[in-house]
Amino acid sequence: MHVVVGGGGKLEPGVYRYVPEDNTLIREIAGDMREKLSNAALSQPMIRSAPVSFVISAVYARIAGKYGNRGLRYTYMEAGHAAQNISLLGVELGIGICTVGAFEDEEVKNVLKLPANEEPLYILPLGYI
Ligand SMILES: Cc1cc2nc3c(=O)[nH]c(=O)nc-3n(C[C@H](O)[C@H](O)[C@H](O)COP(=O)(O)O)c2cc1C
């Protein structure tokens, strides 16, 4: 998962990769990329204005290596679980979150500089309304 940060908070603007093993964020791209991410998603305005967007992505080969043909369906189930958990946490914290599935895959990959085998699945812009 990546976190696209616009700035104004504790984190510098940029694109961060979440590293689950260390429960940490690594900044991979410096600068406010929200405009470009919004453009890659049919110019949907909430991505431009939200201070933060989560981008859930998948490496199909990795999950298929473990689960074979059922890997694809598990990928989408897991992405849904993750998005649901983020949304529930948003409700708990009083933070607005929306779910965005409409975007150009290759453009999002370019903006986030994802490896060729990593596919973006879901964008979740969030912020106080
Ligand atoms: C998988 C998925 C993808 C979605 N993608 C978009 C999207 O790209 N743009 C959008 O405006 N709404 C999208 N939606 C719908 C909104 O996130 C939201 O569910 C919808 O606007 C209804 O919200 P409301 O009941 O609060 O009005 C998507 C919903 C789902 C479940």
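Residues numbered from 1 in each chain as written. Predicted model: local features only at pLDDT ≥ 70, side-chain atom pairs only at ≥ 80, totals over all residues. Heavy atoms only, no water.

Under an unreviewed UniProt entry, the name given to the protein is NADH oxidase, and the organism recorded is Methanosarcina spelaei.

> Would you mind showing me how to read the pairing of strand S1 (residues 2-5) here?
For a regular strand, the rule is simple: side chains alternate between the two faces of the sheet. The side-chain alternation of S1 yields two buried faces, one formed by His2 and Val4 and the other by Val3 and Val5. By the bridge criterion, 4 bridges tie S1 to strand S2 (residues 14-19) in an arrangement that is antiparallel. What sits directly across from Val3, in S2, is Tyr16. (Buried < 20%, exposed > 50% of the residue type's maximum accessible area, 1.4 Å probe, protein only. Helix = DSSP H or I, 4+ residues; strand = E, 2+ residues; numbered from the N terminus. Pairing = 2+ DSSP bridges.)

> Hey, could you run me through the pairing of strand S6 (residues 119-127) in this one?
Counting buried residues along S6, 8 of its 9 residues qualify, which places the element largely inside the surrounding structure. Direction of pairing for strand S4 (residues 52-58) relative to S6: antiparallel, over a ladder of 7 bridges. Of the residues in S6, the one forming a bridge with Ser53 is Pro125. Relative to S6, strand S5 (residues 96-97) runs antiparallel, the two being bridged by 2 bridges. In the strand pairing of S6, Gly96 is matched with Gly127.

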